[in-house]
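Now for the letters of each chain:
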Amino acid sequence: MSSKTFNTRNLAASVMALWLGANPIHAQSMLLDFESFLERCRVSVETNSAFNIEGLQKLDVAESHAHDRGMSSTHEAWGSPGSELYVLLTQWTARDSTVRHLCSIRLVDKEYVLRPVEQALLLRHLLIRQVDLIGAGTHKVDKRLSPIPPIVNAAFLLLDRNPNGCIVTNTIALTPDGKFFSAGSGEQAVRPCNAQ
């Protein structure tokens, strides 16, 4: 075997290893799950309706994600087989007796580190959805959102209160090192809900 053939094979193997390492197919699969989960969360919280579980399976709630909130709280989790993401539904009762809802998108494996391409795709999707909904006249940018370095975050609000009388925010937050990620929809606790 000539050294030229050997070098060409090594180069081809190296390029293939880099491509597989970036794994654009995996990133696209994660994006599809994110798109589905974000829309299901948004619709559920904004309309104060049951979360759409069609095609999903019930999962165990990760202990690190099951935080107690308010006076009492309950959690349940849903996901797709093989997905890196899952949905955490939280219903909690505030001190004023208002029951609020959160629909969070989390990583199944808390040790998983999001690659830059995955971060970019997820953030891009949320921003495009934000522009679409603001353009439709149903949402607005959350101007109260403050960056907390090194966290990169974005959020937009439902223009009117939802049927539960709450302000609803749709958010994403991640760190550039890929070690922290959270997204989803929730009824804000910073202002009281006024059900009509």
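Up top is the structure these notes are about.
Residues numbered from 1 in each chain as written. Predicted model: local features only at pLDDT ≥ 70, side-chain atom pairs only at ≥ 80, totals over all residues. Heavy atoms only, no water.

Asks: Hey, could you run me through the packing of aromatic side chains in this one?
Replies: The way to describe two aromatic rings as a pair is by their centre distance and the angle between their planes. According to the stated counting rule, one finds one aromatic pair in the structure shown. Geometrically, the ring pair formed by Phe34 and Phe181 is edge-to-face, given 6.2 Å between the ring centres and 65° between the ring planes. Of this pair, Phe34 sits in helix α2 (residues 24–47) while Phe181 sits in strand β8 (residues 181–187); the two residues are 147 residues apart in sequence, bridging distant segments of the chain. The pair Phe34 / Phe181 is uniform in exposure class, with both members buried. (Phe/Tyr/Trp six-rings, centres within 6.5 Å; stacked < 30°, edge-to-face > 60°. Helix = DSSP H or I, 4+ residues; strand = E, 2+ residues; numbered from the N terminus. Buried < 20%, exposed > 50% of the residue type's maximum accessible area, 1.4 Å probe, protein only.)

Asks: Just to check I follow, could you spell out the environment of Ser73 for this structure?
Replies: Among the structural elements, Ser73 can be located in strand β2 (residues 72–79). By relative accessible area, which is 22% here, Ser73 ends up partly exposed. For Ser73 and Val99, which are 26 residues apart along the polypeptide, the C-alpha to C-alpha distance reads 9.1 Å.

Asks: Help me understand the state of the cysteines, please; the structure alone is not making it clear to me.
Replies: Joining two cysteines, a disulfide is a covalent bond between their sulfur atoms. Tallied over the full model, the rule gives two disulfides. The partner cysteine of Cys166 in its disulfide is Cys193, sulfur to sulfur 1.8 Å. Classification of the bridge connecting Cys166 and Cys193 rests on its S-S torsion, roughly 105°, and on that basis the disulfide is right-handed. Here Cys166 is found in the loop between β6 (152–158) and β7 (168–174), whereas its partner Cys193 is found in the segment after β8, with 27 residues between them in sequence. (Disulfide = S-S within 2.5 Å.)

Asks: Would you take a moment to explain helix α3 (residues 116–135) for this structure?
Replies: Between its terminal C-alpha atoms α3 stretches 28 Å, which fits the 28 Å expected from 20 residues at 1.5 Å a residue. Within the span of α3, buried status applies to Glu118, Gln119, Leu121, Leu122, His125, Leu126, Gln130 and Leu133. Positioned one or two residues after α3, Gly137 has a phi angle of 80°, which is positive. (Expected span 1.5 Å × (residues − 1).)

Asks: Help me out: how do you make sense of the sheet that holds β8 in this one?
Replies: Through backbone hydrogen bonds, the strands of a sheet pair up, either in parallel or in antiparallel fashion. On the basis of which strands lie adjacent, the open sheet formed by eight strands has the order β1-β2-β3-β4-β8-β7-β6-β5 and antiparallel pairing. In this open sheet, the two edge strands, each paired with only one partner strand, are β1 (57–59) and β5 (139–141). With direction set aside, neighbouring strand axes in the sheet form an average angle of 25°. Relative to strand β4 (residues 99–107), strand β3 (residues 85–93) is paired through nine bridges, and the arrangement is antiparallel. By the bridge assignment for β4, Gln91 is matched with His101. (Pairing = 2+ DSSP bridges. Axes fitted to C-alpha atoms, helices over the stretch in contact; angles between N-to-C directions.)

Asks: How do you make sense of unusual backbone geometry when you look at a structure like this?
Replies: Glycine aside, negative phi is the norm for most residues, and most peptide bonds take the trans geometry. In this structure, the amide linkage connecting Pro149 to the following residue, Pro150, adopts the cis form with an omega of 10°. Here Pro150 is to be found in the loop between β5 and β6. With a phi angle near 55°, Asn48 is a residue other than glycine that sits in the positive phi range. By secondary structure assignment, the location of Asn48 is in the loop between α2 and β1. Overall, the relative accessible area of 32% leaves Asn48 in the partly exposed class.

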